[in-house]
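Structural characterization, general
Spelled out, the chains give:
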Amino acid sequence: MKKYMGRILAGLAVLALLTLVAWAYSYSSPMTARASDEWSRGMTIGRTPVNRAIAMQPAPEGGVYMVWPSTEGGMEIAHMGVDGEVLLQLTLPIGEDNGREPQLQVGHDGRLHILWRQRGEPHATIQYALLEADGTLVNQPVTLSDPDHWVVDPPRLVLDDDGSLHTIWADEIGVHW
């Protein structure tokens, strides 16, 4: 009798273990990311070298603006509509060959403010350009940092509630605003 009870208990333990494994295998967490048709169309809008930052900001009329360094050199910009439609896509005449870590802000007037680190000889510099919403340059890029000092970290660009721009970066001397 003890022999049969031991086998029955061992069988029940194995059955319980298999049930737990099956339940754990089929369980899907609500935190698991799942793509839907509404979430992503998976379309390619450009190419960037590996480990390059892409700047993204909401557009005033909906959708988003994105800026990234392209594989061919320079910077690319895209404006994606709320439905995923590409409203604008072009290569900008800024950041040629060595533009890195772009920062993007959309002004209250709808203009685009772009800040980036331009690698060059002898030192990297921080560059700024103002663009219309259609991607045309309003002004030629302006160098903000001292070209005699190496820029250590990527710059940051912030638009405050009044519509004023603030930028910060670090070079070998210290932090600059």
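Refer to the structure presented above.
Okay, so let's go over this structure. (Residues numbered from 1 in each chain as written. Predicted model: local features only at pLDDT ≥ 70, side-chain atom pairs only at ≥ 80, totals over all residues. Heavy atoms only, no water.)

1. Quick word on unusual backbone geometry
Spelled out, the test is: Counting from the N terminus, the helices are the DSSP runs of H or I reaching at least four residues and the strands are the DSSP runs of E reaching at least two.
In this structure, Glu101 takes a positive phi of about 45 degrees despite not being glycine. Within the element layout of this structure, Glu101 appears in strand β5 (residues 99–106).

2. Overview of the side chain of Gln127
Selection criterion: Under this definition, polar contacts are N or O atom pairs within 3.5 Å; protein pairs additionally need one hydrogen-donor-capable and one acceptor-capable atom, and for neighbouring residues in sequence, both atoms have to be side-chain atoms. Contacts between residues were defined by any pair of non-hydrogen atoms, one from each residue, lying within 4.5 Å.
Along the chain, the position of Gln127 falls in strand β7 (residues 125–131). Within polar-contact distance, the side chain of Gln127 engages the side chain of Thr125 at 2.9 Å. In this view, Gln127 contacts Ile114, Leu115, Trp116, Gln118, Pro141, Val142 and Thr143; residues no more than four positions away in its chain are not counted.

3. Quick look at the side chain of Glu101
Within the local environment of Glu101, its side chain forms a polar contact with the side chain of Arg117, the two groups lying 2.9 Å apart. Ignoring sequence-local partners within four residues, the contact set of Glu101 consists of Ala53, Leu115, Trp116, Arg117, Pro154 and Pro155.

4. Side note on the sheet that holds strand β9 (residues 156–159)
Across a sheet, paired strands are connected by hydrogen bonds in the backbone, their directions being either parallel or antiparallel. Spelled out, the test is: When DSSP locates at least two bridges between a pair of strands, those strands are taken to pair.
Spatial ordering of the open sheet is given by β9-β10-β11, a layout of three strands whose pairing is antiparallel. Looking at strand neighbours, the two that pair on one side only are β9 and β11 (175–176), the edges of this open sheet. Relative to β11, strand β10 (residues 165–170) runs antiparallel, the two sharing two bridges. When the bridges of β11 are listed, Trp169 appears paired with His176.

5. A look at the pattern of salt bridges
Any two side chains of opposite charge can pair, so long as their charged atoms come close to each other. Here is the rule we go by: By definition here, a salt bridge exists when the distance from a side-chain nitrogen of Lys or Arg to a carboxyl oxygen of Asp or Glu is within 4 Å. In this scheme, a residue with accessible area under 20% of its type's maximum is buried, one over 50% is exposed, and one in between is partly exposed, where area comes from a 1.4 Å probe on protein chains only.
Throughout the structure, instances matching the rule amount to two salt bridges. Between Glu101 and Arg117 there is a salt bridge, with the nearest N and O atoms lying 2.9 Å from each other. Remark: Arg117 occurs in strand β6 (residues 112–118) and Glu101 occurs in strand β5; sequence separation between them is 16 residues. Residues Glu101 and Arg117 agree in their burial class; the two are buried. A salt bridge links Arg111 to Glu132, with the shortest nitrogen-to-oxygen separation between them at 3.1 Å. Of this pair, Arg111 sits in the loop between β5 and β6 while Glu132 sits in the loop between β7 and β8 (142–143), and the two are 21 residues apart along the sequence. The class for Arg111 is partly exposed, based on a relative accessible area of 27%.

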